[in-house]
Amino acid sequence: MASKTKPVKMQLQCPMPKLDFDVITLGHGSGGVLTNKLLDSGVFDLLSNEVLDERHDGAFIEMNGKLAFSTDSFLVSPIFFPGGNIGELAVNGTVNDLAMCGAIPKYLSLSFIIEEGLKMTEFWEILTSIKFACEKAGVQVVTGDTKVVEKGKGDKIFINTSGIGTIHPKANINKNNIKIGDKIIVSGNIASHGMAIMSVREGLEFDSEIISDTTNLNTTIINLIEQFGANIHLLTDPTRGGVATVLKEIAMATEIGIDIFQKYLPIETQVDSACELLGLDPLYVANEGLFISFVEASIADDYLKYLQSDANGANAKLIGSVVNEHPKQVIMESAIGGKRVVSMLPGEQLPRIC
Amino acid sequence: MKFLAEYRDPELAKQYLQEIKNTVTQPWSIMEVCGGQTHSLVKNGIIDMLPKEVTMIHGPGCPVCVTPLHLIDKAIHLALQENVILCSFGDMLRVPGSSKNLLEAKAEGGDVRILYSPLEAVQIAEANPSKEVVFFAVGFETTAPANALSVINAYRKGLKNYSILASHVLVPPAIECVMEDVDSHIDGFLAAGHVCTIMGNFEYYPLVEKYKVPIVVTGFEPLDVLQGILMVVRQLEAHKAEVENQYARIVKEEGNLEAQKMIFEVFEITDRLWRGMEIIPMSGYQVKEKYADFDATKKFKIEIEEAEENPECIAGEIMKGIKKPIECPEFGKKCKPTNPLGAPMVSSEGACAAYFHYSGLVEEY
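Quick notes on the rules
Residues numbered from 1 in each chain as written. Chains lettered and ligands numbered in written order. Predicted model: local features only at pLDDT ≥ 70, side-chain atom pairs only at ≥ 80, totals over all residues. Heavy atoms only, no water. 1 Å grid on protein atoms, 1.4 Å probe; cavity = no way out; pocket = protein on both sides within 12 Å on 5 of 7 lines; lining within 4 Å. Points joined across faces, edges and corners; volume = space filled by probe spheres on them. Nonpolar A, V, L, I, M, F, W, Y, C, P; charged D, E, K, R; others polar. Pairing = 2+ DSSP bridges. Helix = DSSP H or I, 4+ residues; strand = E, 2+ residues; numbered from the N terminus. Axes fitted to C-alpha atoms, helices over the stretch in contact; angles between N-to-C directions. Contact = heavy atoms within 4.5 Å. Buried area = accessible area lost by both parts, 1.4 Å probe. Salt bridge = Lys/Arg side-chain N within 4 Å of Asp/Glu carboxyl O. Polar contact = N/O pair within 3.5 Å; in protein donor to acceptor, adjacent residues only side chain to side chain. Patch = residues over 30% accessible without salt bridge, like charges linked within 9 Å, V, L, I, M, F, W, Y side chains within 5 Å. Areas by Shrake-Rupley, 256 points an atom, 1.4 Å probe, with all protein chains shown as cover. Lys, Arg positive; Asp, Glu negative; His and termini not counted. Charge placed at Lys NZ, Arg CZ, Asp CG, Glu CD. Buried < 20%, exposed > 50% of the residue type's maximum accessible area, 1.4 Å probe, protein only. Expected span 1.5 Å × (residues − 1). Domains from an automatic or database assignment.

## Focus: empty space enclosed by the protein
Residues and elements named next belong to chain B. For the coordinates displayed, the defined rule picks out three cavities of 30 Å³ or more. Its boundaries defined by the atoms lining it, the largest cavity holds a volume of some 100 Å³. Considering the residues around the largest cavity, the lining is formed by 15 residues, among which C313, I314, C328, C335 and C352 are closest to the centre. Of the residues belonging to the lining of the largest cavity, the class tally is twelve nonpolar, one polar and two charged. What the second largest cavity holds in volume is close to 50 Å³. In terms of lining, the second largest cavity is formed by T38, G59, C62, C65, I318, M319, P344, E349, G350 and A351. In terms of residue class, the lining of the second largest cavity is made up of six nonpolar, three polar and one charged.

## Some remarks on the sheet that holds strand β4 (residues 103-115) of chain A
All names here are of chain A. Pairing is mixed across the open sheet formed by four strands, whose spatial order is β1-β6-β4-β5. Here the strands that pair on one side only, and so sit at the sheet edges, are β1 (67-74) and β5 (140-149). Strand-to-strand twist across the sheet, computed as the mean angle between neighbouring axes with direction ignored, equals 15 degrees. Bridge analysis of β4 against strand β6 (residues 157-167) gives eleven bridges, and the strand direction is antiparallel. Across the sheet, the residue bridging to F112 is I159, located in β6. Its contacts with the sheet place helix α4 (residues 120-137) against β4, β5 and β6, and it is angled at close to 175 degrees to β4.

## Details of the interface of chain B and chain A
Many descriptions give the size of an interface as the accessible area lost when the pieces come together. Contacts between the two partners involve 46 residues from chain B, matched on the other side by 35 residues from chain A. Roughly 3500 Å² of surface becomes buried between chain B and chain A when both sides are summed, with 60% attributable to carbon and sulfur atoms. Where chain B meets chain A, there are one salt bridge. Residue B:R8 pairs with A:E276 through a salt bridge whose shortest N-O separation is 2.5 Å. Applying the counting rule to chain B against chain A returns four residue pairs in polar contact (both at pLDDT 80 or more). Among the elements of the structure, α1 (10-23), α2 (35-43), α3 (63-66), β4 (111-114), α11 (222-237) and α15 (351-359) of chain B are those that each provide at least two residues to the side of chain B that touches chain A. Across the side of chain B that touches chain A, the residue classes break down as 22 nonpolar, eleven polar and 13 charged.

## Topic: a negative patch on the surface
Residue and element names in this part refer to chain A. On the surface, D45, E50, D53 and E54 cluster together to form a negatively charged patch. Here D45 shows up in helix α1 (residues 33-46). The exposure class assigned to D45 is exposed, which follows from its relative accessible area of 62%.

## Examining helix α7 (residues 144-157) of chain B
Residue and element names in this part refer to chain B. Here α7 is 14 residues long and its end C-alpha atoms lie 20 Å apart, about the 20 Å a rise of 1.5 Å per residue gives. Turning to α7, its buried residues are A144, P145, N147, A148, S150, V151, I152 and A154. Two residues or fewer after α7 comes G158, characterised by a positive phi angle close to 75 degrees.

## Re the pattern of salt bridges
Residues and elements named next belong to chain B. One pass over the full model with this rule turns up 27 salt bridges over all chains. One salt bridge connects E317 with K323, and the closest N-O pair in it is separated by 3.6 Å. A residue is classified by how much of its surface remains accessible, and E317, at 30% relative accessible area, is partly exposed. Assessed through its relative accessible area of 32%, K323 is described here as partly exposed.

## Considering the domain arrangement of chain A
Residue and element names in this part refer to chain A. Per the domain assignment, the segments making up chain A are domain 1 (26-167) and domain 2 (175-342). If you average the C-alpha positions of domain 1 and of domain 2, the two centres end up 28 Å apart. Counting from both sides, the interface comprises 20 residues of domain 1 and, opposite them, 22 residues of domain 2. Together, the buried faces of domain 1 and domain 2 total about 1700 Å²; carbon and sulfur atoms form 60% of this surface. Area buried by domain 1 at its contact with domain 2 is led by P82, N96 and M100, which between them contribute 34% of it. One can count zero salt bridges joining domain 1 with domain 2. Here domain 1 is connected to domain 2 by nine residue pairs in polar contact (both at pLDDT 80 or more). For the side of domain 1 that touches domain 2, the elements supplying multiple residues, two or more each, are α3 (86-100), β4 and α4. No other element matches α3, which puts eight residues into the side of domain 1 that touches domain 2.

Rendered as structure tokens:
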């Protein structure tokens, strides 16, 4: 489907080298001269590190102890959105998945599937975002791949990243550690990323200042693990499907009951209003720089205070707890005190008629 | 959130609930006509907070649910045409046609786009002169003015490639249909606030006269719904049957005259088949002859077989309030939002989907 989206202002963060091509064509994925031209144009320079600079078929790395390994593909449309772009999203997404395992992210792989016709300026902007996101998260891209598909067979650019990291010695993150009485803490305002994307999507555009919450969470998480160790029972980031879906997944997998309270759910007014207007439930809207913690009840207050002092947790709230009743179910007390079940959606959340 | 938080105040909600409890002395069945109200009732957990004497019955006011099967099949057929861009409100996409839904048509390569406003469809038509742009214009009186305006705009712009596949339905004939059904026993109605915002309240006076039931025009926020229920209960307990307006902050007695003008410029009243129910006389809008060029049913020769509804679906009885979703033998078994037998299991406003999602009756979701 042709996509015409509200333009998001793009500013080159690093000057782009002079190139003899403006757009990426099929040849740039052929493995021949054009591929090398593209990679030599600055990809390797931008992301340069000892391992990557070897330019071998794979990366030689050394790691000790228990590891976490994760992969994710990124297909956001539009690729530039308020508060970020697909590049930093691809880095932060995998970094955060590793952090949720209690790992210190270290190395990433980076693969592009580019639709021919992508402007080189856009690709460069994505690359520089990747560079800065890696620096901020303290990770290195050590291996990668670039393929180009015909026009109409992609959506500008798809990115896959895989990541590997060492588990922090104090971390003991596991669904099975969750127990009755655990407190559930959400690290900040919900639904911002999904609504930021929605605000610029074709046919749904609306004027707002909503920006995506995409960011790396690994430093925040490591600090929490240092401080609270095994009292953190589970960490999870509610990306696709939102807060509701992850909570339900956890309730199902562990056969526990979860109670949450609508009045404690942190949400920015603009995001809340946008959800109202579009008929979307913010509980199911995607997040990026957000995580949910299940922690030992006795440390919950300290944990919350500690988290709130971190830039990534300023709006953190305790939203509920793990209960003995209604195993496998998530029950939310509504703003007016009624109760309802929170379930999974059968598919994508679709805006309502009226 | 301003203008919303005020209507979600837990203290006031408690007071309304207490007042309903204090007022009610005997069992009453109240139908909320609009799917938006059903949604609010279940989403906010109101049903379980009401005293046991008050039973809420979910009415036919879910536009997605009542759009006839053959029209959905037509939309799917159009969507799969090479040169057609089919635009629709979001929640029509998952409604089952006889063999597939619009989401599946999209997956098969149909150009199906979700829009919020039909006016955007007109813009798409302008931007794509070589394509036919069809807007799937469903809904009650609420969405009719914007759909009509899209036709007026396209007419004024001289666009030859824009049309609407219209399936508008009207609330008052539906209330009449419910009251005429011998199996339904409704004591009072919450009328749909947004429909009355457009049409005003005058259509409801004859119904109140004829059937001696209170009708309270009601909004959608928790406090609106609670106040609406209280107003109906007060009338019932006092043996009154009047039209009252709970949603006076939005609904004017005469409605929105400008919007009505637009509707009747483009549409005329016609008999309409309601999915799961029957043909209700004078219960819908069709595009007037003057705008026939913008009527997709006339513009395109769509020849598809009339499909049969799944006989296991009891949507009709549900929408007339004769049965509750949980009384359907297939609820949560064969019929789930992922594999709906009928439309009420699809839309977030559909009574079955609302029960399914919020009641916790089905464990694995």
